[in-house]
Each structure stands twice: as structure tokens, then as C-alpha cells.
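An overview of the molecular structure
Spelled out from the first residue to the last, the chains are:
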Amino acid sequence: MKKTVLVWASQTGNTADAAGLIADEIGRDDIDMFDVANLTITRLLDYDMLVIGTPTWGLGELPDVWLNAFPVLDELDLTGKRAAFFGLGDQLVYGEWYLDAMGILHDRFVARGVSVVGHWPNDSYELSASKALREGAFVGLALDADNQHHLTKDRIRKWVCSIRPFLD
Ligand SMILES: Cc1cc2nc3c(=O)[nH]c(=O)nc-3n(C[C@H](O)[C@H](O)[C@H](O)COP(=O)(O)O)c2cc1C
């Protein structure tokens, strides 16, 4: 098992709930879990595999707790590590900015040297634009607790299955 950490931000609990389901699916004994607000960011260096989650707030913005992490994150060399991303957003009300924060976070981590796994198909979503879309796929798991809550568990199960080879 690769040394794996799951790190998320959450303002109203949806991303925290998704993090819990992802942890259950991976196996809680096999990972460490942190709300990014409680993580010393340099501890990311201790892990091989980073599972990173964020909601999008404002109009396509990251939560402050992620922004606060950037000064330290931007100094880290994460070369050789893998990262998988998951994002929460509302594709109907915020369809011009759906999951933008996941795309922004992805770019920030890629700039530190991670290689990304766990891309996710963009069919079965309605949106007009997203910074989390690259070449027709999301950079990570796309969740929508506001409009597609009933799909969350199944999406998580399939996504964890797709990243499983990088966890073992
Ligand atoms: C004021 C407000 C702004 C939001 N802005 C966006 C947005 O720009 N893009 C998006 O995809 N979702 C947006 N959302 C939806 C949230 O990301 C969504 O409800 C998410 O599940 C919240 O996650 P959390 O409970 O972990 O904070 C917004 C929601 C609110 C209430």
C-alpha cells in the first residue's frame, strides 16, 4: 500500500461527507485524513499518494483554507508523487464556474511536480464552463451534492476503483 493522505476543505460539510465516503471506499486503516485547515502543509512530503478535495465557492473560487495553504505549498517539491482530485459544486446554479476550484487546485499541484490520476468523464453533467475540464474530461471526480446527490456513492465507488492501482 502506498502511503496515502486524503486532504479536503469544506464550508458546509458536503466535501467533508464525500471525503468520508472516499475514505470508507479506500479503507480508513490505509490512509491518513485531514481537513486542510488542520494540516501542516509540509506533511504532504511524507506521502506517495495525495487525494485532494475541494468545493468551489464565490464565482469559481477556492475556499480560504486552500488559499492560505498556497504560500507553503508553492515551495514544496512534490515530484514523484501521484495526486487524485475530487470536487464538489453546483452545476445548475453555478454552471459557468462548475468545479473551477478543482481545476485551479489541480494546476497548483501539477506545478509542484505531481502526476495526476483519476480523471473523470464529463457526460451526465449539465454545465456551460469549468476550469476543471481538460480535453473533454474532468481533472478529477466531479460531484454535485446539490443536484445529483443520489449519484454520489456510485460515482465514488467507480472512481476509487479507477485509482485503486495507484493506491496498492
Ligand atoms: C454562495 C455560493 C457560491 C457557490 N459558488 C459555486 C461556484 O462558483 N461553482 C460551483 O461549482 N459551485 C458553487 N457553489 C456550490 C457549492 O460548491 C456546493 O454547494 C458544495 O457542495 C459545497 O461544498 P461544502 O459543503 O463542502 O462547502 C456555490 C454555493 C454557494 C451557496
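Described in the following lines is the structure provided in the data block. (Residues numbered from 1 in each chain as written. Predicted model: local features only at pLDDT ≥ 70, side-chain atom pairs only at ≥ 80, totals over all residues. Heavy atoms only, no water.)

**A few points about helix 4 (residues 152-167)**
Put simply, the rule is: Helical segments are the DSSP runs of H or I of at least four residues, strand segments are the runs of E of at least two, and each set is numbered from the N terminus. By definition here, a helix of n residues has an expected span of 1.5 Å times n minus one. Classification of residues uses two cut-offs on accessible area relative to the type maximum, computed with a 1.4 Å probe and protein chains only: under 20% is buried, over 50% is exposed, and between them is partly exposed.
Over its 16 residues, helix 4 runs 21 Å from end to end, which matches the ideal 22 Å to within 8%, given 1.5 Å per residue. Three or more residues of helix 4 are buried, namely Thr152, Arg155, Ile156, Trp159, Val160, Ile163 and Leu167.

**A few points about the packing of helix 1 (residues 14-26) against helix 4**
As a reminder of what qualifies: Helix axes are fitted to C-alpha atoms over the stretch in contact, other axes to C-alpha atoms as well, and angles between N-to-C directions run from 0 to 180 degrees. These descriptions rest on fixed angle ranges, namely under 35 degrees for roughly parallel, over 145 for roughly antiparallel, 65 to 115 for roughly perpendicular, and the rest for oblique. Helix crossings get a hand from a simple test, with the near helix turned counterclockwise from the far one by less than a right angle marking a left-handed crossing and a clockwise turn marking a right-handed one. Two residues form a contact once any of their heavy atoms are found within 4.5 Å.
Running from amino to carboxyl end, helix 1 crosses helix 4 at an angle of 50 degrees, the nearest separation of the two axes being 9 Å. One way to sum up the angle between helix 1 and helix 4 is to call them oblique. Note that helix 1 runs across helix 4; the crossing there is right-handed. Each of Ala18, Leu21, Ile22, Glu25 and Ile26 in helix 1 lies in contact with helix 4, whose residues at this interface are Thr152, Lys153, Ile156, Arg157, Trp159, Val160, Arg164 and Leu167.

**Section: the environment of Val7**
Residue placement: Val7 occurs in strand 1 (residues 4-8). Taking the C-alpha atoms as reference, Val7 lies 6.2 Å from Gly53; in sequence the two are 46 residues apart. Ignoring anything within four residues of it in the chain, the contact list for Val7 reads Phe34, Val36, Leu39, Leu44, Val51, Ile52, Gly53 and Trp66.

**Quick word on the site of the ligand**
In plain terms, the rule: Residues are classed as near a molecule or strand on a simple rule: at least one heavy atom within 4 Å of it. We call two N or O atoms a polar contact when they sit within 3.5 Å, provided that within protein one can donate a hydrogen and the other can accept it, with sequence-adjacent residues counted only if both atoms are side-chain atoms. All accessible-area figures derive from a Shrake-Rupley calculation using a 1.4 Å probe, and residue coverage is judged against the displayed protein chains alone. In this count, Pro and Cys sit with the nonpolar residues alongside Ala, Val, Leu, Ile, Met, Phe, Trp and Tyr, while Asp, Glu, Lys and Arg are called charged and the others, Gly among them, polar.
The environment of the ligand is formed by 20 residues, the closest being Ser10, Thr12, Thr15, Thr56 and Gly58. Side-chain polar atom of Ser10 to an oxygen atom of the ligand: 2.6 Å apart, as the coordinates give it. At 3.1 Å, a backbone N or O of Asp90 approaches a nitrogen atom of the ligand. Summarising the interface, the protein chains cover 86% of the accessible area of the ligand, which totals 640 Å² for the free molecule. Of the residues contributing to the shell around the ligand, the split by class is 8 nonpolar, 10 polar and 2 charged.

**Some words on the pairing of strand 1**
Test applied: Handedness of a crossover is defined as follows: with both strands directed away from the viewer, a clockwise route from the first strand across the helix to the second makes it right-handed. Strands qualify as paired when DSSP identifies two bridges or more between them.
Counting buried residues in strand 1 gives 5 out of 5 residues, a clear majority hidden from the surface. Here strand 1 shows two buried faces, one formed by Thr4, Leu6 and Trp8 and the other by Val5 and Val7. As a crossover connection, the stretch from strand 1 through helix 1 into strand 2 (residues 31-35) is right-handed. Taken together, the 5 bridges between strand 1 and strand 3 (residues 49-55) define a ladder with parallel strand orientation. In the strand pairing of strand 3, Thr4 is matched with Met49.

**Focus: the nonpolar core**
What counts is decided by this rule: As used here, the term nonpolar core means buried Ala, Val, Leu, Ile, Met, Phe, Trp, Tyr and Cys residues forming a set that is joined through side-chain atoms within 4.5 Å.
One finds Leu44, Leu50, Trp66, Phe86, Phe109 and Trp159 to be the most contacted residues of the largest nonpolar core, which totals 55 residues. Discounting residues that sit within four places of it in the chain, Trp66 has contacts with Val7, Trp8, Ala9, Val36, Ile52, Gly53, Thr54, Leu105 and Phe109.

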